[in-house]
Amino acid sequence: FFATIAKEINGMQDKAAADSGTPVDRGFHAKAHSVVKGELTVEANIPEALRQGAFRQVATYPTWVRFSNGQGNRQADRKPDVRGMALKILNVPGENLTAGQTSFDLLGINHPVQPARDIKQFIAFVRAASNPLTLPFKLAASVGALEAGRIIKWAAMNLGGRDLIDQYIYAR
């Protein structure tokens, strides 16, 4: 299943590159607003139930923080889009899903929820959004008219060209 999703995202990148005449660096969040180096400190007051992985014990980790837009291509900051923040936490002890790696990535966007209920709806929305004129029709064909209406309403109400500086970032 994940291989199919990855292949489709790669196809979207290729199409976006061909349409724009510029290379697409990433599937999503292509334009970095800034990258900063810092430290993440895990404090002792984390509830026991949440003490997992990098948050298992009191520690301070070197961390890279990347702020970005949501699209897979670079565009003007005032264009409606999701804003993101990614933390790459380094030197995390313990078993990692990727052999030999000691980093942990934590991703967030500037909304507490996103409109897609699952990965299939997310991909359907991204696919349909490649052409705003046909978006409602393509999305409805993929997820049904009611779900398409709900997703489009969410996007219209939540995707604005707001400054990153006044955004809250949420991770799920």
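Numbers given for residues are sequential positions, taken from 1 along each chain in its written order. Where local features are concerned, this predicted model is filtered to residues with pLDDT of at least 70; where side-chain atom pairs are given and counted, the filter is 80 or more; whole-chain, interface and lining totals use all residues. Excluding hydrogens and water, the side-chain values take into account all heavy atoms of the structure.

A.B. asks: Looking at this model, I keep getting lost on the overall build of the chain. Mind explaining?
C.D. replies: In this text, helices come from DSSP runs of H or I with a minimum length of four residues, and strands from runs of E with a minimum of two, each type numbered from the N-terminal end. Within the chain, the regular secondary structure consists of four helices and four strands. N-terminal to C-terminal, the α/β element order of the chain is α-β-β-β-β-α-α-α. Its C-alpha atoms give the chain principal-axis dimensions of about 50 × 35 × 35 Å. A total of 172 residues make up the chain; the buried ones form 29% of that total. For the chain, the exposed area adds up to about 11300 Å²; of that, 59% sits on carbon and sulfur atoms. The buried label goes to any residue with under 20% of its type's maximum accessible area, the exposed label to any with over 50%, and the partly exposed label to all in between, with areas taken from a 1.4 Å probe on protein chains only. Surface accessibility follows the Shrake-Rupley procedure with a 1.4 Å probe radius. Residue values consider only the protein chains on display as shielding.

A.B. asks: Is there a simple way to explain the side chain of Q121 in this structure?
C.D. replies: Positionally, Q121 belongs in helix α2 (residues 119–128). Within the local environment of Q121, its side chain forms a polar contact with the side chain of E147, the two groups lying 2.8 Å apart. Contact between two residues is taken to exist if any of their heavy atoms lie within 4.5 Å; hydrogens are not considered. For Q121, the contacting residues outside a window of four places in its chain are P115, A116, V143, E147, R150 and I151. Between N or O atoms, a polar contact is any pair within 3.5 Å; within protein, one atom must be a potential hydrogen donor and the other a potential acceptor, and residues adjacent in sequence are included only when both atoms are from side chains.

A.B. asks: It is not clear to me how unusual backbone geometry should be interpreted in this structure. Could you clarify?
C.D. replies: Excluding glycine, residues mostly carry a negative phi; peptide bonds, for their part, are mostly trans. Backbone geometry places N91, a non-glycine residue, at a positive phi of 60°. If you trace the backbone, N91 turns up in the loop between β3 (83–89) and β4 (104–109). By relative accessible area, which is 52% here, N91 ends up exposed.

A.B. asks: Please clarify how the packing of helix α3 (residues 135–143) against helix α4 (residues 145–158) should be interpreted in this entry.
C.D. replies: The packing of two helices is summarised by the inter-axis angle and the distance between the axes. Contact geometry for α3 and α4: axes closest at 7 Å, N-to-C directions at 130°. In terms of orientation, α3 lies oblique with respect to α4. As α3 packs across α4, the resulting crossing turns out to be right-handed. Across the interface between the two elements, L135, P136, L139, A140 and V143 from α3 touch A145, E147, A148, I151 and I152 from α4. Side-chain classes are defined by residue name, with Ala, Val, Leu, Ile, Met, Phe, Trp, Tyr, Cys and Pro counting as nonpolar, Asp, Glu, Lys and Arg as charged, and the others, Gly among them, as polar. Within the contact of α3 with α4, the residues separate by chemical class into nine nonpolar, no polar and one charged. With axes taken as lines fitted to C-alpha atoms, and helix axes fitted only over the stretch in contact, angles between N-to-C directions fall between 0 and 180 degrees. These descriptions rest on fixed angle ranges, namely under 35 degrees for roughly parallel, over 145 for roughly antiparallel, 65 to 115 for roughly perpendicular, and the rest for oblique. Handedness of each helix crossing follows the sense of rotation of the near helix against the far helix: counterclockwise by less than a right angle gives left-handed, clockwise gives right-handed.

A.B. asks: What exactly am I supposed to notice about the pattern of salt bridges here?
C.D. replies: A pair can form between side chains of opposite charge whenever their charged atoms are brought close. A carboxyl oxygen of Asp or Glu within 4 Å of a side-chain nitrogen of Lys or Arg is what we treat as a salt bridge. Per the stated rule, a full pass over the model turns up four salt bridges. Here E147 makes a salt bridge to R117, at a shortest N to O gap of 2.8 Å. Here E147 is found in helix α4, whereas its partner R117 is found in the loop between β4 and α2, with 30 residues between them in sequence. Owing to a relative accessible area of 57%, R117 belongs among the exposed residues under this scheme.

A.B. asks: Got a minute to help me understand α4 in this structure?
C.D. replies: Since the α-helix packs 3.6 residues into each turn, any two residues three or four apart lie on the same face. Expected helix span is given by 1.5 Å per residue-to-residue step, counting one fewer step than there are residues. With 14 residues, α4 should reach 20 Å at 1.5 Å per residue; the first-to-last C-alpha distance of 20 Å fits that figure. Looking at α4, one finds that the buried residues are E147, A148, I151, W154 and A155. Buried residues along α4 cover an arc of 130° about the axis, so they all sit on one side. Exposed positions of α4 whose direction lies more than 90 degrees from the buried face are A145, L146, K153, A156 and M157. Arc definition: it is the arc formed by the directions from the helix axis to the C-beta atoms.

A.B. asks: Before we go on, may I ask you to explain the nonpolar core in this structure?
C.D. replies: A general trend in soluble globular proteins is that nonpolar side chains are found buried together. Counting residues in hydrophobic clusters, the biggest one holds 11 residues: V82, A124, F125, A128, L135, L139, A148, I151, W154, A155 and L159. Note on terminology: a nonpolar core comprises buried Ala, Val, Leu, Ile, Met, Phe, Trp, Tyr and Cys residues joined through side-chain atoms within 4.5 Å. Formed by nine residues, the second largest nonpolar core is a distinct cluster that contains V42, A59, V65 and V92.

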